[in-house]
Amino acid sequence: MGAGMEGGMKRMTGGTPIELRPRRKDFLVFGAPLIGEEEIREVEDTLRSGWLGTGPKTKRFEADFAAYTGARHAIALNSCTAGLHLALDAAGIGPGDEVITTPMTFCATANVIMHVGAKPVFADVDRRTFNLDPDAVAKAITPRTRAIIPVHFAGRPCDMEPLLDLAAKHGLIVIEDAAHATEARYHGLKVGAIGDMTAFSFYATKNVVTGEGGMLTTHSDHWAERIRVRSLHGLSKDAWKRYSSDGFQPYDTLYPGYKYNMMDLQASLGLHQLAKVDANLKRREEIWARYDEAFEGRFLIPAPPEPETVHARHLYTLLLEPEKLGMGQVDFLEALKAENIGAGIHFIALHLHSFYKDRLGTKRGDFPNAEWISDRTISLPLSPKLTNSDVDDVIAAVLRISGRA
Ligand SMILES: *Cc1c(COP(=O)(O)O)cnc(C)c1O
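What you see is a predicted model; the values in this text were computed from it and never measured. (Residues numbered from 1 in each chain as written. Predicted model: local features only at pLDDT ≥ 70, side-chain atom pairs only at ≥ 80, totals over all residues. Heavy atoms only, no water.)

1. Let's talk about the packing of helix 2 (residues 37-49) against helix 9 (residues 264-275)
At their nearest, the axes of helix 2 and helix 9 sit 8 Å apart, and the two run at 155° to each other. Overall, the two elements helix 2 and helix 9 adopt an arrangement that is roughly antiparallel. Judged by the sense of rotation from one axis to the other, the crossing of helix 2 with helix 9 is right-handed. Between helix 2 and helix 9, the contacting residues are Glu 38, Glu 39, Glu 42, Val 43, Thr 46 and Leu 47 on the first element and Asp 264, Leu 265, Ser 268, Leu 269, His 272 and Gln 273 on the second. Of the residues in the contact of helix 2 with helix 9, the class split is four nonpolar, four polar and four charged. (Axes fitted to C-alpha atoms, helices over the stretch in contact; angles between N-to-C directions. Helix = DSSP H or I, 4+ residues; strand = E, 2+ residues; numbered from the N terminus. Parallel < 35°, antiparallel > 145°, perpendicular 65-115°, else oblique. Left-handed = near helix turned anticlockwise from the far one by under 90°. Contact = heavy atoms within 4.5 Å. Nonpolar A, V, L, I, M, F, W, Y, C, P; charged D, E, K, R; others polar.)

2. As for helix 3 (residues 56-69)
Taking 1.5 Å of rise per residue, 14 residues should cover 20 Å, and helix 3 covers 20 Å from first to last C-alpha, within 8% of that figure. All buried positions along helix 3 are accounted for by Lys 57, Thr 58, Phe 61, Glu 62, Phe 65, Ala 66, Tyr 68 and Thr 69. Directly beyond the C-terminal end of helix 3, a positive phi value near 80° is found at Gly 70. (Expected span 1.5 Å × (residues − 1). Buried < 20%, exposed > 50% of the residue type's maximum accessible area, 1.4 Å probe, protein only.)

3. Topic: the domain arrangement of the protein
When its domains are assigned, the protein resolves into domain 1 (10-34 + 277-404) and domain 2 (37-275). Centre-to-centre, using C-alpha coordinates, domain 1 lies 27 Å away from domain 2. Counting residues at the interface gives 43 residues for domain 1, matched by 44 residues for domain 2. Summed over the three residues of domain 1 that lose the most area to domain 2, namely Val 277, His 314 and Phe 347, the buried surface amounts to 21% of that side. Viewed at the interface, domain 2 and domain 1 are joined by three salt bridges. Between Arg 156 and Glu 306 there is a salt bridge, with the nearest N and O atoms lying 3.2 Å from each other. On the surface where domain 1 and domain 2 come into contact, there are 23 residue pairs in polar contact (both at pLDDT 80 or more). The leading source of residues in the side of domain 1 that touches domain 2 is helix 14 (residues 368-374), at six residues. The class makeup of the residues in the side of domain 1 that touches domain 2 is 26 nonpolar, 11 polar and six charged. (Domains from an automatic or database assignment. Buried area = accessible area lost by both parts, 1.4 Å probe. Salt bridge = Lys/Arg side-chain N within 4 Å of Asp/Glu carboxyl O. Polar contact = N/O pair within 3.5 Å; in protein donor to acceptor, adjacent residues only side chain to side chain.)

4. What about the nonpolar core?
Counting residues in each nonpolar core, the largest one holds 38 residues, and the members touching the most others are Phe 61, Phe 65, Val 137, Phe 202 and Met 215. Of all the elements in the fold, those that place two or more residues in this core are helix 3, strand 1 (73-77), helix 6 (134-140), helix 7 (160-170) and helix 9. With near-sequence residues (within four places) excluded, Phe 61 lies in contact with Phe 202, Thr 210, Met 215, Met 262, Ala 267, Gly 270, Leu 271 and Leu 274. By size, the runner-up hydrophobic cluster in this structure holds 28 residues, among which are Val 112, Ala 147, Ile 175 and Ala 224. (Core = buried A, V, L, I, M, F, W, Y, C linked by side-chain atoms within 4.5 Å.)

5. A short note on the sheet that holds strand 9 (residues 214-218)
Spatially, the seven strands line up as an open sheet ordered 1-9-8-5-4-2-3, and their pairing is mixed. Taken across any chain shown, the strands that pair with only one partner, and hence form the sheet edges, are strand 1 and strand 3 (119-122). When strand polarity is set aside, the average angle formed by the axes of neighbouring strands in this sheet is 25°. Running at roughly 15° to strand 1, helix 8 (residues 221-231) makes contact with strand 1, strand 5 (173-177), strand 8 (197-201) and strand 9 of the sheet. (Pairing = 2+ DSSP bridges.)

6. Comments concerning the site of the ligand
Around the ligand there are 15 residues in total, and Thr 81, Asp 177, His 180, Ser 201 and Lys 206 lie nearest to it. A distance of 2.9 Å separates an oxygen atom of the ligand from a polar atom in the backbone of Cys 80. Taken by itself the ligand offers 380 Å² of open surface, and the protein chains cover 92% of this. With respect to the detected pockets, the ligand is housed in the largest pocket. A per-class count over the shell around the ligand returns six nonpolar, seven polar and two charged. (Near = heavy atom within 4 Å. Areas by Shrake-Rupley, 256 points an atom, 1.4 Å probe, with all protein chains shown as cover. 1 Å grid on protein atoms, 1.4 Å probe; cavity = no way out; pocket = protein on both sides within 12 Å on 5 of 7 lines; lining within 4 Å. Sits in = over half its atoms within 2 Å of the grid points.)

7. Brief notes about unusual backbone geometry
A cis amide bond links His 346 to the next residue, Phe 347, at an omega of 0°. The residue Phe 347 is located in the loop between helix 12 (329-338) and helix 13 (354-360) in this model. Located in the positive-phi region is Ala 154, a residue other than glycine, with phi close to 65°. You can see Ala 154 is positioned in the loop between strand 4 (145-149) and helix 7.

8. Re helix 4 (residues 80-90)
With 10 of 11 residues buried, helix 4 is to be regarded as a mostly interior element. Residues of helix 4 that are buried: Cys 80, Ala 82, Gly 83, Leu 84, His 85, Leu 86, Ala 87, Leu 88, Asp 89 and Ala 90. In this structure Ser 79 caps helix 4, since a side-chain oxygen of it lies 3.3 Å from the backbone nitrogen of Thr 81. Just downstream of helix 4, Gly 92 is the residue with a positive phi angle, here 70°.

9. Remarks on the packing of aromatic side chains
Tallying each qualifying case throughout the model produces 16 aromatic pairs. Centroid distance Phe 65 to Phe 200: 4.9 Å. Interplanar angle 75°. Geometry classified as edge-to-face. One end of the pair, Phe 65, is in helix 3; the other, Phe 200, is in strand 8, with 135 residues separating them in the sequence. In this pair, the class of Phe 65 matches that of Phe 200, namely buried. Note on Trp 288 and Tyr 316: the rings are 4.9 Å apart at their centroids and 80° apart in plane angle, and the pair reads as edge-to-face. With Trp 288 in helix 10 (residues 277-295) and Tyr 316 in strand 11 (residues 316-319), the pair connects residues that are 28 residues apart, well separated along the chain. The two residues Trp 288 and Tyr 316 agree in class, both being buried. Of the aromatic side chains, those joined through ring pairs into one cluster are Phe 61, Phe 65, Tyr 68, Phe 200 and Phe 202. One cation-aromatic arrangement involves Arg 313 over Trp 288; the distance from NZ or CZ to the ring centre is 4.8 Å. (Phe/Tyr/Trp six-rings, centres within 6.5 Å; stacked < 30°, edge-to-face > 60°. Lys NZ or Arg CZ within 6 Å of the ring centre and 35° of its normal.)

Structure follows, in structure tokens:
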């Protein structure tokens, strides 16, 4: 069945009963960003300035982000994936090393471990939080383990205390994947100011949007210096100023680095997105509460945030019970699409993807909790751009499809 107006019109002319037509005329895009006039004016200003690349606006965005997280250093990059890769690279992790992470994540988290030539080792998650289970992590540690990459799933901060204790006991580095968790706090600490290094994403669907973009935060001068140099070809400090009005700056290659720097064009968006980050979170909390109210008792809804934490509310997940529903995840998503609602699956457990099955020999049954979630979860739209009427459309569609309207 086709999505969009066409599908609806066709079924109308075919004499389909009126209640089977989608309630919405236009397709509700999953994860559409909320971009204001401030962002548009700043991008225009950058375009007119003649300086599009890494420059003064990127510097300002870094300073604002460091202040927001409370981290000593914030290094702007062109993605979160770049941040995770640089963190492993700067820590000297490579062939022969193992890095523990969650299967309940986007492929980038494990791909970067392959990029440095190390081996990803998955540990199972908790069914309630969808986050790494510290006991499972403890069991996965071997003499070759060098680092742990916890992912703050959907913006819910991981239980960091036991993970940090394990890291201290075994001399491991903690690199947090905070792609969903820009606003998250754990026990009075801001995510970004907890582990050794933390990577954030500003991809088009994330809580702060620069199109493509990311940030790496750390308290350590040592890591910060290595990350900064490696993020721009391995050139000596402030090489981005080499064509500025300060006069020609001689530069030197210190390392065969990467092309991972952020542009001022991207930072133009980031500066204003960050200024609105808490207002947007508030709006997503409102939408979240409406979903909770509509779905509680009918579906398995996300657990409330743990005490003394702030949940960054990046994804609202429903767990479908296929036995009760008589319908699987993919059929449910198709039916939502026919109702003109865009939704997603976050995530298909990574140990079930072809590459990791072939390379690591993982299989169904290895991580039962991650599989249980992976087989049931769907993510509903949660952008601050949603109007109350959009939210009503999503709720009506979900209830109608599940036969619980
Ligand atoms: C989006 C995402 C990433 C990758 O972020 P990019 O900025 O696109 O590189 C990494 N990890 C998780 C959990 C993500 O959702």
